[in-house]
Amino acid sequence: MTGDADLARVGTLLADPKRANMLLTLLGGEAESASALADAAGASRSLASAHLSKLVHGGLITVEPQGRHRLYRLAGPQVAEAIEALTQLAPPTPVRSLRDANRKENLRQARLCYDHLAGVLGVDLTQALVDRGALDHADGGFALTVDGEAAMSDFGVDVPALRRRRRPLTRACKDWTEPGHHLAGGLGAAIASQCFERRWIERGEAGRIVRVTPAGRRELRAWAGVQA
């Protein structure tokens, strides 16, 4: 028999600003080295190692060897969803420089929420898919329509394969910076993956930020009517 969930244990892991910055960096979905996470957190290498050890032991991140290096990533989509949900409650960090202001605007415009698109780009793309009949609002989230499944197949997304996975096909994720929701779940991840493969988007700075390429601006407008 077990008691209530030990929220205090998770809260302790999140309470340190340096660990929180590491988790926000990993929210971009990519594995990062200890040195990159130390830089993102503004910590020395030895202090960053201690923080990373706590996050691994607490089950929020995983570590994997790659040659002489060790790479860290979030433990899974459920951790990303929990962190993104907490950003709805957290006050914004103060903007103290032009660099901070630019980074804040870049995060607002287009970013990754673990493995799917968020920010203005993610919300606008999701709404465009609803407007074009590819998605329906259903049960507080989204459902892929018959026309939408055909459109996704043309786009290179194997929807039947996504349905066979344990992860939900579609999920509405409340956006952190924009009013409304963006598309998460297996389909949201597959769309983002296709956008990367087609070089419509590319990774920017700070792990989560993405940039829309000139070709991406043209193709997103043609494919979904999104003015990126």
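The structure we're discussing is the one just above.
Below, the structure is looked at part by part. This one's a predicted model, so the numbers in the text were calculated from it and none came from an experiment.

Here is what the cut-offs are and how they apply
- Residues numbered from 1 in each chain as written.
- Predicted model: local features only at pLDDT ≥ 70, side-chain atom pairs only at ≥ 80, totals over all residues.
- Heavy atoms only, no water.
- Helix = DSSP H or I, 4+ residues; strand = E, 2+ residues; numbered from the N terminus.
- Rg over C-alpha atoms; globule rule 2.2 N^0.38 Å.
- Buried < 20%, exposed > 50% of the residue type's maximum accessible area, 1.4 Å probe, protein only.
- Contact = heavy atoms within 4.5 Å.
- Areas by Shrake-Rupley, 256 points an atom, 1.4 Å probe, with all protein chains shown as cover.
- Pairing = 2+ DSSP bridges.
- Core = buried A, V, L, I, M, F, W, Y, C linked by side-chain atoms within 4.5 Å.
- Salt bridge = Lys/Arg side-chain N within 4 Å of Asp/Glu carboxyl O.
- Phe/Tyr/Trp six-rings, centres within 6.5 Å; stacked < 30°, edge-to-face > 60°.

Concerning the overall build of the protein chain
Stage number 1. Secondary structure summary: the protein chain contains 11 helices and 11 strands in total.
Stage number 2. Relative to the globule expectation of 17 Å for 228 residues, the C-alpha radius of gyration of the protein chain, 18 Å, shows essentially globular dimensions.
Stage number 3. The dimensions of the protein chain, computed from C-alpha atoms along their principal axes, are 55 × 50 × 40 Å.
Stage number 4. Taken over 228 residues, the protein chain has a buried fraction of 40%.
Stage number 5. By sequence separation, contacts in the protein chain at least 24 residues apart represent 55% of the contacts at least 6 residues apart.
Stage number 6. Here the protein chain displays about 12,700 Å² of accessible surface, and carbon together with sulfur accounts for 52% of that area.

Observations regarding the pairing of strand β9 (residues 181-184)
Stage number 1. For strand β8 (residues 171-174) and β9, the ladder comprises 4 bridges, and the chain directions are antiparallel. Within β9, the residue paired with A172 across the bridge is L183.
Stage number 2. As consecutive antiparallel partners, β8 and β9 are separated by 6 residues, and within that stretch G180 has a phi angle of approximately 105 degrees, a positive value.

Some points on the sheet that holds strand β3 (residues 69-74)
Stage number 1. Taken in spatial order, the 3 strands make up an open sheet running β1-β3-β2, and their pairing is antiparallel. Strands with a single pairing partner mark the edges of an open sheet, and in this sheet they are β1 (32-33) and β2 (61-66).
Stage number 2. Across 6 bridges, β2 lies against β3 in antiparallel orientation. Counterpart to P65 in the pairing with β3 is R70.

A closer look at the nonpolar core
One recurring pattern in soluble globular proteins is that nonpolar side chains are buried together.
Stage number 1. Counting residues in each nonpolar core, the largest one holds 32 residues, and the members touching the most others are L117, L121, L135, M152, V157, L187 and I191.
Stage number 2. Of all the secondary-structure elements, those providing two or more residues to this core are α7 (119-131), β7 (141-144), α9 (159-163), α10 (185-197), β11 (210-212) and α11 (214-224).
Stage number 3. Dropping the residues within four chain positions of it, L117 is found in contact with R111, L112, G122, L125, H182, L183, A192, C195, I201 and V210.
Stage number 4. Counting residues in hydrophobic clusters, the runner-up holds 20 residues, among them L26, A38, L52 and L60.

What to know about the pattern of salt bridges
Stage number 1. Scanning the entire structure with this criterion turns up 10 salt bridges.
Stage number 2. Across the pair E105 and R108 runs a salt bridge whose closest N-O atoms are separated by 3.2 Å. You can see E105 and its partner R108 sitting in helix α6 (residues 98-109), 3 residues apart, about one turn around the helix.
Stage number 3. Accessibility expressed as a relative area gives 34% for E105, which makes it partly exposed.
Stage number 4. For R108, a relative accessible area of 30% corresponds to the partly exposed category.
Stage number 5. The network of salt bridges with shared partners includes E84, R111 and D175.

Regarding unusual backbone geometry
Stage number 1. In this structure, Y114 takes a positive phi of about 70 degrees despite not being glycine.
Stage number 2. Note on placement: Y114 falls in the loop between β4 (111-113) and β5 (116-118).
Stage number 3. Given a relative accessible area of 15%, Y114 falls into the buried group.
Stage number 4. Phi is positive for R199, which is not a glycine, with a value near 60 degrees.

A short note on the packing of aromatic side chains
Stage number 1. Enumeration according to the criterion identifies 3 aromatic pairs in this entry.
Stage number 2. Between F155 and W200, the ring centres sit 5.6 Å apart and the planes meet at 45 degrees, which makes this aromatic pair tilted. Residue F155 is found in the loop between α8 (146-154) and α9, and its partner W200 is found in the loop between α10 and β10 (201-203); the two are separated by 45 residues along the sequence. Comparing F155 with W200, the two get one shared label, buried.
Stage number 3. Geometrically, the ring pair formed by F155 and W223 is stacked, given 4.1 Å between the ring centres and 15 degrees between the ring planes. Residue F155 is found in the loop between α8 and α9, and its partner W223 is found in helix α11; the two are separated by 68 residues along the sequence.
Stage number 4. Through successive ring pairs, a cluster of aromatic residues spans F155, W200 and W223.

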